[in-house]
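Residue-level structure breakdown
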There are 2 protein chains.
Amino acid sequence: MKNIITVTREFGSGGRELAKRLAAALGYQYYDKEIITAMAQRSHYDATFIENFPYQVHHSFAVYSPAQKMATEILLLERKVILEIAAKGNCVIVGRGADLILRAYQPLNIFVYADNQSRLHRCQVNAPAGENLNEKQLLKKIHEIDKARQNHYLLLGGDTWGRKENYHLCVNSTNLTVKNLVPAVAAYAQAWFKEQA
Amino acid sequence: MKNIITVTREFGSGGRELAKRLAAALGYQYYDKEIITAMAQRSHYDATFIENFPYQVHHSFAVYSPAQKMATEILLLERKVILEIAAKGNCVIVGRGADLILRAYQPLNIFVYADNQSRLHRCQVNAPAGENLNEKQLLKKIHEIDKARQNHYLLLGGDTWGRKENYHLCVNSTNLTVKNLVPAVAAYAQAWFKEQA
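Remember, it's a predicted structure, so these values are computed and weren't measured experimentally.

**Observations concerning the relation of the copies chain B and chain A**
When chain B is brought onto chain A, the operation consists of a screw motion whose angular component is 180° and whose axial shift is 0.0 Å, with 0.0 Å RMSD remaining. Accordingly, the operation relating the two chain copies is best matched by a two-fold axis. Among all residues of chain B, the minimum C-alpha distance to the rotation axis is found for Cys-170 of chain B, at 2.4 Å.

Following this line, the structure appears as structure tokens:
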């Protein structure tokens, strides 16, 4: 059985950094943007389009719009790419609902979150060149991105995104330098996988 | 600043065992039943009465019943005892709303939870002599105890008991032997305290 870790994270929580460093600490493959790239290579959509696809949850099937058709197509492709990754070997996968898609692989599912102040600060420090949002605008962006992640989760058949019962370990990164937590989280992952063996 | 860890746990999650072993691993004092004992010594209530006090949440202040008066008395005593403990030195405190009472001490707050199947199993293995509940009765007991903890939490001014945002680390103990997780959780605690320094 392969050791697979999925990291789901609130935007601005530092979850991606935690995942990347965790993979390095454990000697596992790391997958993040690579998933999008692989999806783009196999479809007629480009990576930016896939990455920013505005998933919506419709509570009626009366209308099957072109956007819904596209969403289905992207989600199926995503599932395929993630299943291929999981078959390769030990890895850490960030986002993309890998915790749901890989349920049968019994991955260690980690959720990373933080309070608004901490997320704002992290987003300001890591802002892309040219982005100049005030706090209110940035908070709006943070919540919009989380909302999209939530919708994506629902479309994959999940219930409530971020509900602690859906994860094995929930890490609150508020006021922490993520780097300094990595050895302990790596130790936790190793102990956890040993328990499943 | 003293290093204080509070462990809040769902009944049957193994949180108490985790807390006890965590204290031993870190060389911290461990407080659990000791709190009840100290409270009993200073009041005219006995330990069993305090431990099983049926906290209720009233949404009206129109009636201040004898039970409410007793609850207030017990909660004030509890606060006093826990504040004295915190002043003594590094420690791990189980339950009793210590995370709320000691907010000013910036403790590391850990929440331990597990799925129903796993909690049932743990309760069956650790059942007190003479207890002979079937699964349905045991599950009812589990949820009643959690409900009392939730009420206790509300009476101390908390919001939702078990809401991950109120904790720094949430550990899902489903299908795990708690003992084997202790070194990693201890490492996490040490890294976390270092970050606060």
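**Comments concerning the packing of helix H6 (residues 116-125) of chain B against helix H7 (residues 135-155) of chain B**
Residue and element names in this part refer to chain B. Packing of H6 against H7 leaves a shortest axis separation of 10 Å and a crossing angle of 100°. Relative to H7, the element H6 lies roughly perpendicular. Residue-level contacts link Asn-116, Gln-117, Arg-119, Leu-120, Cys-123 and Gln-124 of H6 to Glu-135, Leu-138, Leu-139, Ile-142, His-143 and Asp-146 of H7. Considering only residue class, the contact of H6 with H7 consists of 5 nonpolar, 4 polar and 3 charged.

**Looking at the pairing of strand E3 (residues 91-94) of chain A**
All names here are of chain A. The alternating pattern of E3 places Cys-91 and Ile-93 and Val-92 and Val-94 on opposite faces, both of which are buried. Bridge count for strand E2 (residues 29-31) against E3 is 3 bridges, and the pairing is parallel. Within E3, the position partnered with Tyr-31 by the bridge is Ile-93.

**Points about the sheet that holds strand E4 (residues 108-113) of chain A**
Judged by pairing direction, the sheet is mixed, and its 10 strands sit side by side in the order E2(A)-E3(A)-E1(A)-E4(A)-E5(A)-E5(B)-E4(B)-E1(B)-E3(B)-E2(B) without closing on themselves. Edge positions in the sheet fall to E2 of chain A together with strand E2 (29-31) of chain B, since each of these pairs with one other strand and no more. Put simply, the sheet's adjacent strands are angled 15° from each other on average, direction ignored. With 4 bridges joining them, strand E1 (residues 4-9) of chain B and strand E3 (residues 91-94) of chain B adopt parallel strand pairing. Its bridge partner being in E3 of chain B, Ile-5 of chain B is matched across the sheet by Val-92 of chain B. Lying over the sheet, helix H8 (residues 182-196) of chain A contacts strand E1 (4-9), E4 and strand E5 (169-172) of chain A together with strand E5 (169-172) of chain B, oriented at roughly 155° with respect to E4 of chain A.

**Brief notes about the confidence of the model for chain A**
Confidence in the prediction of chain A, expressed as mean pLDDT, is 92, and 97% of residues score 70 or more. Interface confidence for the predicted complex, expressed as ipTM, amounts to 0.92; the pTM equals 0.93.

**Looking at unusual backbone geometry**
Leave glycine aside and you will find that most residues have negative phi; peptide bonds, for their part, are mostly trans. All names here are of chain A. Even without being a glycine, Gln-106 presents a positive backbone phi close to 50°. Relative to the assigned elements, Gln-106 resides in the loop between helix H5 (98-101) and E4. Even without being a glycine, Asn-175 presents a positive backbone phi close to 60°. Considering the arrangement of structural elements, one finds Asn-175 in the loop between E5 and H8. For Asn-175, a relative accessible area of 61% puts it in the exposed group.

**A short note on the interface of chain B and chain A**
The interface is formed by 25 residues belonging to chain B together with 25 residues belonging to chain A. Both faces considered, chain B and chain A share a buried interface measuring about 2100 Å² in area, 57% of it formed by carbon and sulfur atoms. The largest share of the area that chain B buries against chain A comes from Lys-164, Tyr-188 and Glu-195 of chain B, three residues that together contribute 29% of it. Linking chain B with chain A are 15 residue pairs in polar contact (both at pLDDT 80 or more). In terms of residue class, the side of chain B that touches chain A is built from 14 nonpolar, 7 polar and 4 charged.

Cut-offs and rules
- Residues numbered from 1 in each chain as written.
- Chains lettered and ligands numbered in written order.
- Predicted model: local features only at pLDDT ≥ 70, side-chain atom pairs only at ≥ 80, totals over all residues.
- Heavy atoms only, no water.
- Least-squares fit on C-alpha atoms with pLDDT ≥ 70 in both.
- Axes fitted to C-alpha atoms, helices over the stretch in contact; angles between N-to-C directions.
- Helix = DSSP H or I, 4+ residues; strand = E, 2+ residues; numbered from the N terminus.
- Parallel < 35°, antiparallel > 145°, perpendicular 65-115°, else oblique.
- Contact = heavy atoms within 4.5 Å.
- Nonpolar A, V, L, I, M, F, W, Y, C, P; charged D, E, K, R; others polar.
- Buried < 20%, exposed > 50% of the residue type's maximum accessible area, 1.4 Å probe, protein only.
- Pairing = 2+ DSSP bridges.
- pLDDT = per-residue confidence, 0-100.
- Buried area = accessible area lost by both parts, 1.4 Å probe.
- Polar contact = N/O pair within 3.5 Å; in protein donor to acceptor, adjacent residues only side chain to side chain.

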